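Descriptive structure summary
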Amino acid sequence: MKASRRPPLIHDQVAQRYDRARPGYPSALFDDIVSYAKLAGDARILEIGCGSGQATLPMAQRGFRVDCVEPGAQMAAIARSNLADFPAVTVTCTDFERFSSPPASYDLLLSATAFHWVDPRIRFRKAHDLLKPGGALALFWHRPVQTEESRDFTDAVGHVYKTVVPELTSDYVLPPSPDRVSTEYEDLIPASGYFVDLEIRKHYVRTHYSAAAYVDLLGTFSDHQTLEASKRHRLLDSIEQLIADKFAGAVIRETVALLYLARRK
(Lines give C-alpha, C1' and ligand atoms only; values in the text may rest on other atoms or scores of the structure.)
Protein backbone atom coordinates (compact mmCIF):
# COMPACT_ATOMS: atom_id res chain seq x y z
CA MET A 1 0.00 0.00 0.00
CA LYS A 2 1.71 3.18 -1.17
CA ALA A 3 1.52 6.40 0.78
CA SER A 4 -0.76 8.74 -1.14
CA ARG A 5 -2.71 11.95 -0.96
CA ARG A 6 -6.45 11.59 -0.93
CA PRO A 7 -8.84 13.18 -3.37
CA PRO A 8 -10.69 15.86 -1.35
CA LEU A 9 -12.78 14.07 1.29
CA ILE A 10 -13.48 11.17 -1.06
CA HIS A 11 -14.97 8.94 1.64
CA ASP A 12 -17.11 11.73 3.05
CA GLN A 13 -19.07 11.71 -0.22
CA VAL A 14 -20.37 8.23 0.65
CA ALA A 15 -20.36 8.51 4.44
CA GLN A 16 -23.60 6.61 5.07
CA ARG A 17 -22.57 3.84 2.71
CA TYR A 18 -19.13 3.68 4.35
CA ASP A 19 -20.70 3.31 7.79
CA ARG A 20 -23.06 0.62 6.52
CA ALA A 21 -20.64 -1.41 4.41
CA ARG A 22 -17.14 -1.18 5.84
CA PRO A 23 -16.21 -4.10 8.13
CA GLY A 24 -14.87 -3.78 11.63
CA TYR A 25 -11.78 -5.52 12.98
CA PRO A 26 -11.31 -8.66 15.10
CA SER A 27 -11.54 -8.26 18.85
CA ALA A 28 -8.19 -10.04 19.17
CA LEU A 29 -6.52 -7.21 17.24
CA PHE A 30 -7.57 -4.71 19.91
CA ASP A 31 -6.44 -7.10 22.62
CA ASP A 32 -3.02 -7.12 20.91
CA ILE A 33 -2.93 -3.32 20.95
CA VAL A 34 -3.91 -3.00 24.61
CA SER A 35 -1.36 -5.64 25.64
CA TYR A 36 1.51 -4.22 23.59
CA ALA A 37 0.85 -0.62 24.71
CA LYS A 38 0.35 -1.70 28.34
CA LEU A 39 -2.63 0.61 28.56
CA ALA A 40 -3.93 1.52 32.01
CA GLY A 41 -7.51 2.56 32.66
CA ASP A 42 -6.66 6.25 32.45
CA ALA A 43 -4.79 5.95 29.16
CA ARG A 44 -5.34 8.62 26.51
CA ILE A 45 -5.65 7.53 22.89
CA LEU A 46 -5.53 9.54 19.68
CA GLU A 47 -7.13 8.01 16.59
CA ILE A 48 -6.23 9.35 13.15
CA GLY A 49 -9.03 9.16 10.57
CA CYS A 50 -11.72 7.51 12.65
CA GLY A 51 -14.24 7.35 9.80
CA SER A 52 -17.60 6.45 11.30
CA GLY A 53 -16.00 4.79 14.34
CA GLN A 54 -15.44 1.14 13.39
CA ALA A 55 -12.12 1.02 15.26
CA THR A 56 -13.07 3.60 17.89
CA LEU A 57 -15.94 1.64 19.37
CA PRO A 58 -13.90 -1.39 20.59
CA MET A 59 -11.50 0.92 22.43
CA ALA A 60 -14.35 2.97 23.88
CA GLN A 61 -16.04 -0.22 25.06
CA ARG A 62 -12.83 -1.10 26.89
CA GLY A 63 -13.20 2.14 28.85
CA PHE A 64 -10.45 4.26 27.30
CA ARG A 65 -10.52 7.97 26.54
CA VAL A 66 -10.25 8.42 22.78
CA ASP A 67 -9.73 11.67 20.89
CA CYS A 68 -10.63 11.13 17.23
CA VAL A 69 -9.51 13.20 14.25
CA GLU A 70 -11.69 12.91 11.13
CA PRO A 71 -11.50 15.36 8.20
CA GLY A 72 -14.92 14.59 6.72
CA ALA A 73 -17.81 16.54 8.25
CA GLN A 74 -20.45 13.94 7.39
CA MET A 75 -18.25 11.09 8.58
CA ALA A 76 -17.46 12.93 11.81
CA ALA A 77 -21.18 13.49 12.45
CA ILE A 78 -21.90 9.78 12.00
CA ALA A 79 -19.01 8.88 14.31
CA ARG A 80 -20.36 11.21 17.00
CA SER A 81 -23.77 9.58 16.70
CA ASN A 82 -22.33 6.04 16.79
CA LEU A 83 -20.22 6.89 19.85
CA ALA A 84 -22.77 9.01 21.71
CA ASP A 85 -22.93 6.55 24.61
CA PHE A 86 -19.25 7.12 25.39
CA PRO A 87 -18.63 10.59 26.87
CA ALA A 88 -14.89 9.92 27.04
CA VAL A 89 -14.75 9.91 23.23
CA THR A 90 -14.38 13.16 21.27
CA VAL A 91 -14.47 13.59 17.49
CA THR A 92 -12.77 16.64 15.99
CA CYS A 93 -13.48 17.45 12.36
CA THR A 94 -10.00 18.18 11.01
CA ASP A 95 -7.13 16.28 9.49
CA PHE A 96 -4.05 15.06 11.31
CA GLU A 97 -1.81 17.57 9.58
CA ARG A 98 -3.75 20.47 11.16
CA PHE A 99 -4.59 18.81 14.47
CA SER A 100 -3.02 20.52 17.47
CA SER A 101 -2.37 19.14 20.93
CA PRO A 102 0.43 19.60 23.50
CA PRO A 103 3.45 17.36 22.97
CA ALA A 104 3.54 14.04 24.80
CA SER A 105 -0.24 14.01 25.34
CA TYR A 106 -1.08 10.43 24.42
CA ASP A 107 -0.28 6.87 25.50
CA LEU A 108 -1.36 5.40 22.16
CA LEU A 109 -1.82 6.69 18.63
CA LEU A 110 -3.83 4.41 16.37
CA SER A 111 -5.05 4.58 12.80
CA ALA A 112 -7.30 2.09 11.02
CA THR A 113 -7.11 2.06 7.21
CA ALA A 114 -6.23 5.75 7.20
CA PHE A 115 -2.54 6.40 7.91
CA HIS A 116 -1.59 6.08 4.22
CA TRP A 117 -3.58 9.27 3.55
CA VAL A 118 -1.45 11.35 5.94
CA ASP A 119 1.35 13.50 4.50
CA PRO A 120 4.40 11.17 4.55
CA ARG A 121 6.70 14.13 5.22
CA ILE A 122 5.29 14.68 8.72
CA ARG A 123 3.22 11.68 9.79
CA PHE A 124 5.80 9.74 11.82
CA ARG A 125 7.43 12.84 13.32
CA LYS A 126 4.10 14.28 14.44
CA ALA A 127 2.95 10.91 15.80
CA HIS A 128 6.19 10.68 17.78
CA ASP A 129 5.80 14.20 19.16
CA LEU A 130 2.22 13.63 20.33
CA LEU A 131 3.06 10.40 22.15
CA LYS A 132 4.38 10.21 25.68
CA PRO A 133 7.84 8.65 26.12
CA GLY A 134 7.37 4.94 25.55
CA GLY A 135 3.94 5.50 24.00
CA ALA A 136 2.78 3.14 21.28
CA LEU A 137 1.83 3.41 17.62
CA ALA A 138 -0.77 1.00 16.19
CA LEU A 139 -1.50 1.05 12.45
CA PHE A 140 -3.76 -1.48 10.79
CA TRP A 141 -5.51 -2.28 7.54
CA HIS A 142 -7.71 -4.98 6.03
CA ARG A 143 -5.69 -6.54 3.22
CA PRO A 144 -7.46 -8.82 0.69
CA VAL A 145 -6.18 -12.39 0.45
CA GLN A 146 -7.35 -15.61 -1.11
CA THR A 147 -7.30 -19.32 -0.33
CA GLU A 148 -8.86 -22.21 -2.21
CA GLU A 149 -12.16 -21.26 -0.60
CA SER A 150 -12.39 -17.94 -2.45
CA ARG A 151 -10.20 -18.64 -5.49
CA ASP A 152 -13.05 -19.38 -7.91
CA PHE A 153 -14.65 -16.05 -7.16
CA THR A 154 -11.44 -14.02 -7.26
CA ASP A 155 -10.61 -15.62 -10.63
CA ALA A 156 -14.07 -14.84 -12.00
CA VAL A 157 -14.22 -11.28 -10.66
CA GLY A 158 -10.70 -10.70 -11.92
CA HIS A 159 -11.97 -11.28 -15.43
CA VAL A 160 -14.58 -8.56 -14.87
CA TYR A 161 -11.90 -6.10 -13.77
CA LYS A 162 -9.72 -6.96 -16.77
CA THR A 163 -12.66 -6.34 -19.10
CA VAL A 164 -14.18 -3.23 -17.56
CA VAL A 165 -11.38 -1.48 -15.62
CA PRO A 166 -8.00 -2.93 -16.61
CA GLU A 167 -6.33 -0.04 -14.74
CA LEU A 168 -7.38 -1.68 -11.44
CA THR A 169 -6.36 -5.25 -12.23
CA SER A 170 -3.12 -5.16 -10.24
CA ASP A 171 -5.10 -4.71 -7.01
CA TYR A 172 -8.10 -6.95 -7.67
CA VAL A 173 -7.10 -9.84 -9.92
CA LEU A 174 -4.61 -11.83 -7.85
CA PRO A 175 -4.87 -11.33 -4.08
CA PRO A 176 -2.01 -13.09 -2.25
CA SER A 177 -2.35 -16.01 0.11
CA PRO A 178 -2.59 -15.03 3.80
CA ASP A 179 1.07 -15.87 4.44
CA ARG A 180 2.27 -13.63 1.60
CA VAL A 181 0.55 -10.36 2.51
CA SER A 182 2.76 -7.38 1.72
CA THR A 183 4.11 -5.65 4.84
CA GLU A 184 5.56 -2.40 3.45
CA TYR A 185 5.31 -0.55 6.77
CA GLU A 186 7.77 -3.09 8.15
CA ASP A 187 10.41 -0.92 6.47
CA LEU A 188 8.73 2.49 6.67
CA ILE A 189 8.24 2.56 10.44
CA PRO A 190 11.87 1.84 11.47
CA ALA A 191 13.19 3.97 8.60
CA SER A 192 11.37 6.99 10.02
CA GLY A 193 13.83 7.05 12.90
CA TYR A 194 11.07 7.78 15.42
CA PHE A 195 9.92 4.30 16.48
CA VAL A 196 11.44 1.04 17.74
CA ASP A 197 10.35 -2.43 18.88
CA LEU A 198 8.28 -3.12 15.76
CA GLU A 199 5.90 -6.06 15.91
CA ILE A 200 3.54 -7.25 13.16
CA ARG A 201 0.39 -9.26 13.86
CA LYS A 202 -1.91 -10.83 11.27
CA HIS A 203 -5.54 -11.74 11.94
CA TYR A 204 -7.33 -13.76 9.29
CA VAL A 205 -10.93 -12.64 8.62
CA ARG A 206 -13.54 -14.52 6.61
CA THR A 207 -16.74 -12.61 5.78
CA HIS A 208 -19.89 -13.70 3.93
CA TYR A 209 -21.44 -11.15 1.54
CA SER A 210 -24.62 -11.11 -0.48
CA ALA A 211 -24.23 -9.72 -3.98
CA ALA A 212 -25.74 -6.40 -2.94
CA ALA A 213 -23.60 -6.13 0.21
CA TYR A 214 -20.42 -6.92 -1.71
CA VAL A 215 -20.92 -4.19 -4.30
CA ASP A 216 -21.99 -1.84 -1.49
CA LEU A 217 -18.54 -2.41 0.03
CA LEU A 218 -16.76 -1.90 -3.30
CA GLY A 219 -18.54 1.42 -3.69
CA THR A 220 -16.67 2.74 -0.63
CA PHE A 221 -13.19 2.09 -2.05
CA SER A 222 -11.49 5.28 -3.19
CA ASP A 223 -10.16 3.80 -6.44
CA HIS A 224 -13.71 2.73 -7.34
CA GLN A 225 -15.24 6.05 -6.30
CA THR A 226 -12.88 7.99 -8.55
CA LEU A 227 -13.72 5.97 -11.66
CA GLU A 228 -15.79 7.74 -14.31
CA ALA A 229 -19.42 7.26 -13.23
CA SER A 230 -20.61 5.14 -16.17
CA LYS A 231 -17.58 2.87 -15.87
CA ARG A 232 -18.08 2.50 -12.11
CA HIS A 233 -21.74 1.59 -12.56
CA ARG A 234 -20.88 -0.93 -15.26
CA LEU A 235 -18.23 -2.51 -13.02
CA LEU A 236 -20.46 -2.80 -9.96
CA ASP A 237 -23.46 -4.01 -11.95
CA SER A 238 -21.30 -6.64 -13.66
CA ILE A 239 -19.93 -7.91 -10.34
CA GLU A 240 -23.36 -8.04 -8.74
CA GLN A 241 -24.68 -9.99 -11.74
CA LEU A 242 -21.69 -12.35 -11.62
CA ILE A 243 -22.36 -13.17 -7.96
CA ALA A 244 -26.05 -13.69 -8.63
CA ASP A 245 -25.54 -15.91 -11.69
CA LYS A 246 -22.39 -17.89 -10.87
CA PHE A 247 -22.22 -17.96 -7.08
CA ALA A 248 -25.83 -18.36 -5.97
CA GLY A 249 -26.02 -14.77 -4.79
CA ALA A 250 -23.34 -14.92 -2.08
CA VAL A 251 -19.54 -14.94 -1.81
CA ILE A 252 -16.83 -15.10 0.82
CA ARG A 253 -14.31 -12.27 1.11
CA GLU A 254 -11.06 -13.18 2.82
CA THR A 255 -8.80 -10.57 4.37
CA VAL A 256 -5.95 -10.29 6.80
CA ALA A 257 -6.28 -7.55 9.38
CA LEU A 258 -2.65 -6.49 9.32
CA LEU A 259 -1.45 -4.73 12.48
CA TYR A 260 1.83 -2.87 12.98
CA LEU A 261 2.87 -2.05 16.54
CA ALA A 262 5.83 0.12 17.50
CA ARG A 263 7.05 2.18 20.43
CA ARG A 264 8.05 5.85 20.55
CA LYS A 265 11.83 6.18 20.52
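Read on for a plain summary of the structure. This structure is a prediction, so every number in the text was calculated from the model and none was measured. (Residues numbered from 1 in each chain as written. Predicted model: local features only at pLDDT ≥ 70, side-chain atom pairs only at ≥ 80, totals over all residues. Heavy atoms only, no water.)

**Re the pairing of strand β4 (residues 106–112)**
With 6 of its 7 residues buried, β4 lies for the most part within the structure. Pairing geometry for strand β1 (residues 44–48) and β4, over 3 bridges, is parallel. Across the sheet, the residue bridging to Leu46 is Leu109, located in β4. This β-α-β element, β4 to helix α5 (residues 123–130) to strand β5 (residues 131–145), shows right-handed connectivity. (Buried < 20%, exposed > 50% of the residue type's maximum accessible area, 1.4 Å probe, protein only. Helix = DSSP H or I, 4+ residues; strand = E, 2+ residues; numbered from the N terminus. Pairing = 2+ DSSP bridges. Right-handed = clockwise from strand over helix to strand, strands pointing away.)

**Topic: the side chain of Arg253**
Here Arg253 lies in strand β7 (residues 250–264). Discounting chain neighbours no more than four positions away, the residues touching Arg253 are Val205, Arg206, Thr207, Tyr209, Tyr214, Leu217 and Phe221. (Contact = heavy atoms within 4.5 Å.)

**Comments concerning the packing of aromatic side chains**
Within this structure, the stated rule accounts for 11 aromatic pairs. One aromatic cluster is present, formed by Phe115, Phe124, Trp141, Tyr185, Phe195 and Tyr260 through successive ring pairs. Above the plane of the ring of Tyr36 lies Arg263, whose end atom (NZ or CZ) is 4.2 Å from the centre. (Phe/Tyr/Trp six-rings, centres within 6.5 Å; stacked < 30°, edge-to-face > 60°. Lys NZ or Arg CZ within 6 Å of the ring centre and 35° of its normal.)

**Re helix α11 (residues 229–246)**
Here α11 spans 25 Å end to end across 18 residues, near enough to the 26 Å set by a 1.5 Å rise per residue. Within the span of α11, buried status applies to Arg232, Leu235, Leu236, Ile239, Leu242 and Ile243. For α11, the angular spread of buried residues about the axis comes to 120°, placing them on one side. Exposed side of α11, more than 90 degrees from the buried face: Asp237 and Asp245 are the residues found there. Considering only its buried residues, α11 is in contact with α1 (15–21), α6 (148–164), α9 (211–218), α10 (222–225) and β7. Following α11 by one or two positions, Ala248 adopts a phi angle in the positive range, close to 55°. (Expected span 1.5 Å × (residues − 1). Arc of directions from axis to C-beta.)

**Digging into the packing of α6 against α11**
With their axes 10 Å apart at the nearest point, α6 and α11 run at an angle of 155° to one another. In terms of orientation, α6 and α11 fall into the roughly antiparallel class. The hand of the α6/α11 crossing is right-handed. Contacts from Phe153, Ala156, Val157, Val160, Tyr161, Thr163 and Val164 of α6 reach α11 at Lys231, Arg234, Leu235, Ser238, Ile239, Leu242 and Ile243. A breakdown of the residues in the contact of α6 with α11 according to their chemical character gives 10 nonpolar, 2 polar and 2 charged. (Axes fitted to C-alpha atoms, helices over the stretch in contact; angles between N-to-C directions. Parallel < 35°, antiparallel > 145°, perpendicular 65-115°, else oblique. Left-handed = near helix turned anticlockwise from the far one by under 90°. Nonpolar A, V, L, I, M, F, W, Y, C, P; charged D, E, K, R; others polar.)

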